[in-house]
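Residue-level listing of the chains:
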Protein chains: 4
Amino acid sequence: MEHVNVFDFEIQARACMEPGAWNYYHDGANDGVTYRANRTAFERIQLRPRVLVDVRHCDMETTVQGISINMPILIAPTAFHCLAHPEGECATAHAAGRATSVMVASSSSTRSLEEIAREASGPLWFQLYVSTRKKTEELVRRATSAGYLALVLTVDSPRWGRKEQAIRSGFHTPIKANFTDDEAAEEGVSLTWEALAWLRSLTTLPIILKGILTAEDAALAVQHGVNGIIVSNHGGRQLDGVSPSIEALPQVVEAVGGRCELYLDGGIRRGTDVLKALALGARAVLVGRPILWGLAVNGADGVYQVLELLRAELELAMALAGKARLSSIDRSLVRVGEGM
Amino acid sequence: MEHVNVFDFEIQARACMEPGAWNYYHDGANDGVTYRANRTAFERIQLRPRVLVDVRHCDMETTVQGISINMPILIAPTAFHCLAHPEGECATAHAAGRATSVMVASSSSTRSLEEIAREASGPLWFQLYVSTRKKTEELVRRATSAGYLALVLTVDSPRWGRKEQAIRSGFHTPIKANFTDDEAAEEGVSLTWEALAWLRSLTTLPIILKGILTAEDAALAVQHGVNGIIVSNHGGRQLDGVSPSIEALPQVVEAVGGRCELYLDGGIRRGTDVLKALALGARAVLVGRPILWGLAVNGADGVYQVLELLRAELELAMALAGKARLSSIDRSLVRVGEGM
Amino acid sequence: MEHVNVFDFEIQARACMEPGAWNYYHDGANDGVTYRANRTAFERIQLRPRVLVDVRHCDMETTVQGISINMPILIAPTAFHCLAHPEGECATAHAAGRATSVMVASSSSTRSLEEIAREASGPLWFQLYVSTRKKTEELVRRATSAGYLALVLTVDSPRWGRKEQAIRSGFHTPIKANFTDDEAAEEGVSLTWEALAWLRSLTTLPIILKGILTAEDAALAVQHGVNGIIVSNHGGRQLDGVSPSIEALPQVVEAVGGRCELYLDGGIRRGTDVLKALALGARAVLVGRPILWGLAVNGADGVYQVLELLRAELELAMALAGKARLSSIDRSLVRVGEGM
Amino acid sequence: MEHVNVFDFEIQARACMEPGAWNYYHDGANDGVTYRANRTAFERIQLRPRVLVDVRHCDMETTVQGISINMPILIAPTAFHCLAHPEGECATAHAAGRATSVMVASSSSTRSLEEIAREASGPLWFQLYVSTRKKTEELVRRATSAGYLALVLTVDSPRWGRKEQAIRSGFHTPIKANFTDDEAAEEGVSLTWEALAWLRSLTTLPIILKGILTAEDAALAVQHGVNGIIVSNHGGRQLDGVSPSIEALPQVVEAVGGRCELYLDGGIRRGTDVLKALALGARAVLVGRPILWGLAVNGADGVYQVLELLRAELELAMALAGKARLSSIDRSLVRVGEGM
């Protein structure tokens, strides 16, 4: 089967996955208002393409935290890849390297962070939730020693959002490879801004906060010396009713004023979505569910195919928008809302 | 059957109730424009969650008219609970006390206000429409002597709105336990602002007006010395085409300027709805139809389950929004409308 | 069968009428954009009800061109009533008088204007399109002598809009009782502002222009000394894509500045629609299709029932909005658009 | 079968065409967001009709690049007419002349530009993509010598947009009559503004740029001395997510300030669409897909019928809008967006 776009992977993944696992991946929290808004918000942003520009070669290379990548599209941290494919996160990491992208490995992985690092052929970042200090120190140490290049601290999840379809399915999360059973049961530490200094004391790796949606928190993050921010609503899976991440981006851009790198996830399904996020100020985007669809359909090859689809779409979108380089993409490329 | 959210109770209640009674509870007036708008208006309000706040314990305790309650969610006055369950308002009152909330008993109850008070295990308020002076005096006296702690005067119902599905069902309202047949037939007194001084002369209980939707009337209410206002469109059951109550709230907040307590009902179905109402200035909300769904499905236990669902949702929403106390919830938590 | 609202008449009329005739009545022009917008525009206008007002008696009496009527709802001119009922316009006129309203008889009637006047039990106005000068003079003379009290000149129809469903039905318009065959074939005179002076010279009756949608034309109408303006898009049957009439009303109100009476038709189906039109500056509204539905379903009685339904709905809407008199209805009663 | 509007041709064409070819004609790029927006944008523009104007004769004659035409509706360049009808572009050209319109022949035609010119009974323009300099010079020379009166340079297609339904159909584009196989394979030259001077040096024909959507590019076009601009998003077939062309028109009008002629294509299906485009500043519009529908259904006669339908609709729309001449159509005829 040919895959014309990433939605083809979605359809096929749904057909081949166990329903409970599918629901777990697919669900937004509660009524799914934010989950859907992540997509519709992109449709309300119009592109303003420029013409008669030399676009024979569209250069998508960039860096994130100093790491060279072939395109401004990273793999977002998502949990439990073994639900999609027996090789789990190892397959995903393999594909990421092949695509010269960065994979952000979730601490809630079904393969240990060391196994993932062993299989990876490219740069990795490590996502963590702060649980106990002891466990966090261990994870930071292990990730550093396994060669992860940055820490992504998820800050939108002091509790878990309610995925109601997954609850109805009676879905139970699998075992987390990085945790013992006792450790996995210890969730519930509520992280505060003070903890950032402590985390900084543990590591020299770049620290990136994931899950910021307001100018206020973006300003605080910069004050606390973070190296990057991922504007994110956790794919609509935490607090239902928050802004689509693309609509939260402009206020974060303004508050940060270039003092750290900004990324965005949430609803990226098309090359033009990436283009819009870049135009509004993101340095790169992260893709979550589509990676899992590719993984479910075709393992590492499927993940690679999804990344290549998005890369090709972004490259074509840049060409048709008259942008041969990422540096020429700015706010003038978009117009927000309907009407004249 | 597990109830994942209050809509599960709605579905089950519809299945187990007599159609005419269901229609009576469910109907909005006429075309249901306001009934539907009560819900869609909440969806247009976006939450702006804060992160890295200590939310291990989210405190939802507050007071209404000086009464301590465990959460800012009260039971709205609704008529004829015996249509949902043989124990009627007595079951509802029982559940309210168990949840440490306040029940506002309707004067159009199918159990007498004294019976309800006898069964209640927590604080009660009494809702009344002003009919004749004689009857009103009697009801105020009876409510006071039965231990009700506040009077809620409904001001949006000089006539009854047309519930057209109920009319088509041939539905007839049951007997009102607080009225003789002759008294029940006497409806149609048109209350004016002057009557408030008279009502005040009858009682020392707090007087709360229910059904205000404009800044103008809110200002008049304060001038007439009321102790509270419930911003309400009667669940969309009176004048079709009026504002959703959540959209009317800001103008009332501004007009009142803190001079009395403000509450809101209309369309509350999720913890995030409560959070949005509080952010826009309500001290507490009242829930109507979901209580009846719980009552129909499972009597007092069903009412309690509905209240606990909402309490748990609000608690989770506060945690995910970074608000550990009600006092930290303010206007900056919401953004109104689409776009950037 | 009980009719709970005017839509019940619509459903029943559709079932009992010949499809081609139904389509002719029902159709908007072309894609029906304006036809539908006439309704949706009303739904976007929110009512701001006032409370604690004495509304025991809501007085809907008013005058139009000095004629006393029981409610601000007139019968709009519509063509070919014999398609709905054998008694045609005579039945309609009978019902209008019974309801103490005014019927505007169409010049494209299937009963002659004299017959209609003979059957009428209340005041009549006469609608005309200007065809040849000779014929117009004749119609004006006949209408005056038959006792019609005002002339309504339709100005939005220099040609006929395309009713595409009616065209597909192969519908042919019936014979016009006020015209000979030769006269009926003579359509196509293009009326200009200059013709108003000529028309004025023919009659002392009030002259009302029907079909104005802009401030510019409203100002011209006043300059040319008209006695009234009907803001109208011909029920969406002429130029598809024009403003819903209720949205055109405010600019006309402002341009006219009280110098002549203003009426509105287009999409009135509910008492609350009437209330909104009055709040935005109309002195009265005209109802078209619902009258034909009533006529089709039940002849003169059906027309009367439709008028009584609307009267009762308006009366209830006034009571629930806190307006006991038409004179207390003003712009503060409505809020336009969504959001806060 | 009678064709009441152009959508009747669409339905019939879909039924009679090979599915792959239909998909190729019909598809918008990717998700079709822009394809659909081209239509919905027209529906959001309201007409403000004027009354009591002499519209017995509505004059639609105008000129484009000095060529007299009977109506401001041209035939847009579209590829591969032989997919619709064996006579292909020759039939289209024949109909264009019969309707006294201008056909813009696509360089991707299935009949050679010389054949088309031989069959044409009216003025032709020639559309080209710039491929190699050598081929471009040849095409310009051939078009000039075959009598084409203007060159339309498409600037929005440095690459081809993805028509996903056509891809799924396994559709392959037919042979281009103006190209050898080798030449057809040579696509991919990326044209820049500098090339305009070179193109100008090749010809004295008017040069028109097709595919501009921004004020910035419109200003550049004028600076480079073009004779006309077609505001276009290629029927939603290139970059998905760009503005509907009618929404991009005002900024182009303002940037150009009358320094060259402006045309528009994209979503024109009704006479009122033409009227709206003229009101917003277009001198004429171009119609694409409806021409192909007419061609598929009925060859040259079908194309002529489509043009006549649009002509009749525009003429009626002008009459009902109170505009007897194109020169009286201006911005005051439209109101953009909903609300009051």
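What comes next is a walk through the structure.

What counts, and at which threshold
- Residues numbered from 1 in each chain as written.
- Chains lettered and ligands numbered in written order.
- Predicted model: local features only at pLDDT ≥ 70, side-chain atom pairs only at ≥ 80, totals over all residues.
- Heavy atoms only, no water.
- Helix = DSSP H or I, 4+ residues; strand = E, 2+ residues; numbered from the N terminus.
- Buried < 20%, exposed > 50% of the residue type's maximum accessible area, 1.4 Å probe, protein only.
- Contact = heavy atoms within 4.5 Å.
- Least-squares fit on C-alpha atoms with pLDDT ≥ 70 in both.
- Buried area = accessible area lost by both parts, 1.4 Å probe.
- Salt bridge = Lys/Arg side-chain N within 4 Å of Asp/Glu carboxyl O.
- Polar contact = N/O pair within 3.5 Å; in protein donor to acceptor, adjacent residues only side chain to side chain.
- Nonpolar A, V, L, I, M, F, W, Y, C, P; charged D, E, K, R; others polar.
- Pairing = 2+ DSSP bridges.
- Axes fitted to C-alpha atoms, helices over the stretch in contact; angles between N-to-C directions.
- Left-handed = near helix turned anticlockwise from the far one by under 90°.
- Phe/Tyr/Trp six-rings, centres within 6.5 Å; stacked < 30°, edge-to-face > 60°.
- Lys NZ or Arg CZ within 6 Å of the ring centre and 35° of its normal.

## Here we look at the environment of R14 of chain C
Residue and element names in this part refer to chain C. As for its placement among the helices and strands, R14 is situated in helix α1 (residues 6–16). Judged by its relative accessible area of 47%, R14 is partly exposed. Each C-alpha atom, one on R14 and one on P123, is 29 Å from the other, the two residues being 109 residues apart in sequence. Residues contacting R14, with those up to four places away along its chain left out, are W22 and H26.

## Digging into the relation of the copies chain A and chain B
Each copy of the sequence occupies a distinct position, and chain A is placed on chain B by a rotation of 90° and an axial shift of 0.0 Å, giving an RMSD of 0.0 Å. Such values leave the two copies arranged in the relation of a four-fold axis. Little of the interface of chain A is mirrored in chain B: 2% of its interface residues are interface residues there too.

## Quick word on the relation of the copies chain D and chain A
Note on the identical chains: chain D maps onto chain A by a rotation of 90° and an axial translation of 0.0 Å, with an RMSD of 0.0 Å. An overlap of only 2% is found between the interface residues of chain D and their copies at the interface of chain A, pointing to separate contact surfaces.

## So, the interface of chain A and chain B
In this complex, chain A contributes 43 residues to the contact, which on the side of chain B involves 36 residues. Roughly 3200 Å² of surface becomes buried between chain A and chain B when both sides are summed, with 55% attributable to carbon and sulfur atoms. Contact with chain B buries surface across chain A, with R159, L239 and E247 of chain A losing the most and accounting together for 21% of the total. For the pair chain A and chain B, the interface holds 7 salt bridges. Between R270 of chain B and E164 of chain A there is a salt bridge whose closest N-O contact spans 2.7 Å. Counting across the interface, chain A meets chain B through 19 residue pairs in polar contact (both at pLDDT 80 or more). For the side of chain A that touches chain B, the secondary structure elements donating two or more residues are α7 (164–168), β8 (207–212), α10 (215–223) and α11 (245–256) of chain A. Among the residues making up the side of chain A that touches chain B, the classes are represented as 21 nonpolar, 11 polar and 11 charged.

## Regarding the pairing of strand β11 (residues 284–287) of chain B
Residue and element names in this part refer to chain B. Side chains A284 and L286 project from β11 onto one buried face, and the interleaved V285 and V287 project onto a second face that is buried too. In the sheet, strand β4 (residues 73–75) pairs with β11 via 3 bridges, with the strands oriented parallel. When the sheet's bridge partners are listed, L74 is paired in β11 with L286. Pairing analysis gives 3 bridges linking strand β10 (residues 261–265) to β11, with the strands arranged parallel.

## A few points about helix α1 (residues 6–16) of chain B
Residues of α1 of chain B that are buried: V6, D8, F9, E10 and A13 of chain B. As for α1 of chain B, its buried residues are in contact with α7 of chain A together with α2 (19–26), α3 (33–43) and α13 (289–321) of chain B. The residue sitting at the N-terminus of α1 of chain B and contributing the capping side-chain oxygen is N5 of chain B; that oxygen lies 3.0 Å from the backbone nitrogen of F7 of chain B.

## Re the environment of D217 of chain C
Among the secondary structure elements, D217 of chain C is positioned in helix α10 (residues 215–223). Here D217 of chain C falls in the buried class, since its relative accessible area comes to 0%. Once the C-alpha coordinates of D217 of chain C and V285 of chain C are considered, the two residues, 68 residues apart in sequence, prove to be 19 Å apart. If near-sequence neighbours (up to four positions away) are discounted, D217 of chain C is found in contact with W193 and I212 of chain C together with P49, R50 and V51 of chain D. Within the local environment of D217 of chain C, its side chain forms a polar contact with the side chain of R50 of chain D, the two groups lying 2.9 Å apart.

## Remarks on the packing of helix α10 (residues 215–223) of chain B against helix α11 (residues 245–256) of chain B
Residues and elements named next belong to chain B. Direction vectors running N to C along α10 and α11 enclose 35°, while the axes themselves pass 8 Å from each other. For the pair α10 and α11, the crossing hand works out as right-handed. Taken together, the residues of α11 that come into contact with α10 (itself represented by A215, E216, A218, A219 and V222) are Q251, V252, A255 and V256. Residues belonging to the contact of α10 with α11 are distributed by class as follows: 7 nonpolar, 1 polar and 1 charged.

## Some remarks on the environment of A277 of chain D
Residue and element names in this part refer to chain D. Looking at where A277 falls in the secondary structure, it is placed in helix α12 (residues 271–279). For the pair A277 and N5, spaced 272 residues apart in sequence, the C-alpha to C-alpha distance is 19 Å. For A277, the contacting residues outside a window of four places in its chain are I246, L249, L264, A282 and V285.

## Description of the interface of chain D and chain A
At the junction of the two partners, chain D supplies 43 residues and chain A supplies 36 residues. Interface of chain D and chain A: buried area, both sides summed, is about 3200 Å²; carbon and sulfur atoms make up 55% of it. Contact with chain A buries area across many residues of chain D, yet R159, L239 and E247 of chain D alone supply 21% of it, more than any other trio. Counting every contact that joins chain D to chain A gives 7 salt bridges. With a shortest N-O distance of 2.8 Å, D217 of chain D and R50 of chain A are connected by a salt bridge.

## Some words on the pattern of salt bridges
Considering all chains together, one arrives at 76 salt bridges over all chains under this definition. With its nearest N and O atoms 3.7 Å apart, the salt bridge here joins E115 of chain A to R111 of chain A. When its relative accessible area of 27% is taken as the criterion, E115 of chain A is described as partly exposed. Under the relative-accessibility criterion, R111 of chain A is labelled partly exposed at 22%. With a closest N to O distance of 2.8 Å, R311 of chain B and E308 of chain B form a salt bridge. A residue pair is termed a helical-turn pair when its members lie 3 or 4 positions apart in one helix, as R311 of chain B and E308 of chain B do in helix α13 at 3 residues. Counted as one network, the salt bridges with shared partners bring together E114, K135, E138, R142 and E183 of chain A.

## A word on the packing of aromatic side chains
Scanning all chains against the criterion turns up 24 aromatic pairs over all chains. Centre to centre, the rings of Y24 of chain C and F171 of chain C are 4.8 Å apart; their planes meet at 25°, and the pair counts as stacked. Separated by 147 residues along the polypeptide, Y24 of chain C in helix α2 (residues 19–26) and F171 of chain C in the loop between α7 (164–168) and α8 (181–184) bring together distant segments of the chain. Look at Y24 of chain C and you get buried, because its relative accessible area is 14%. Both rings, one in W125 of chain C and one in Y263 of chain C, keep their centres 5.9 Å apart while their planes meet at 55°; by these two values the pair is tilted. Taken together, the positions of W125 of chain C in strand β6 (residues 124–128) and Y263 of chain C in strand β10 (residues 261–265) put the pair 138 residues apart, joining distant regions of the chain. A network of ring pairs unites the aromatic residues Y24, Y25, F80 and F171 of chain A as a single cluster. Over the aromatic face of Y304 of chain D sits the side chain of R98 of chain D, whose NZ or CZ is 3.6 Å from the ring centroid. Sitting above the plane of the Y24 of chain D ring, R237 of chain D keeps its charged end 4.8 Å from the centroid.

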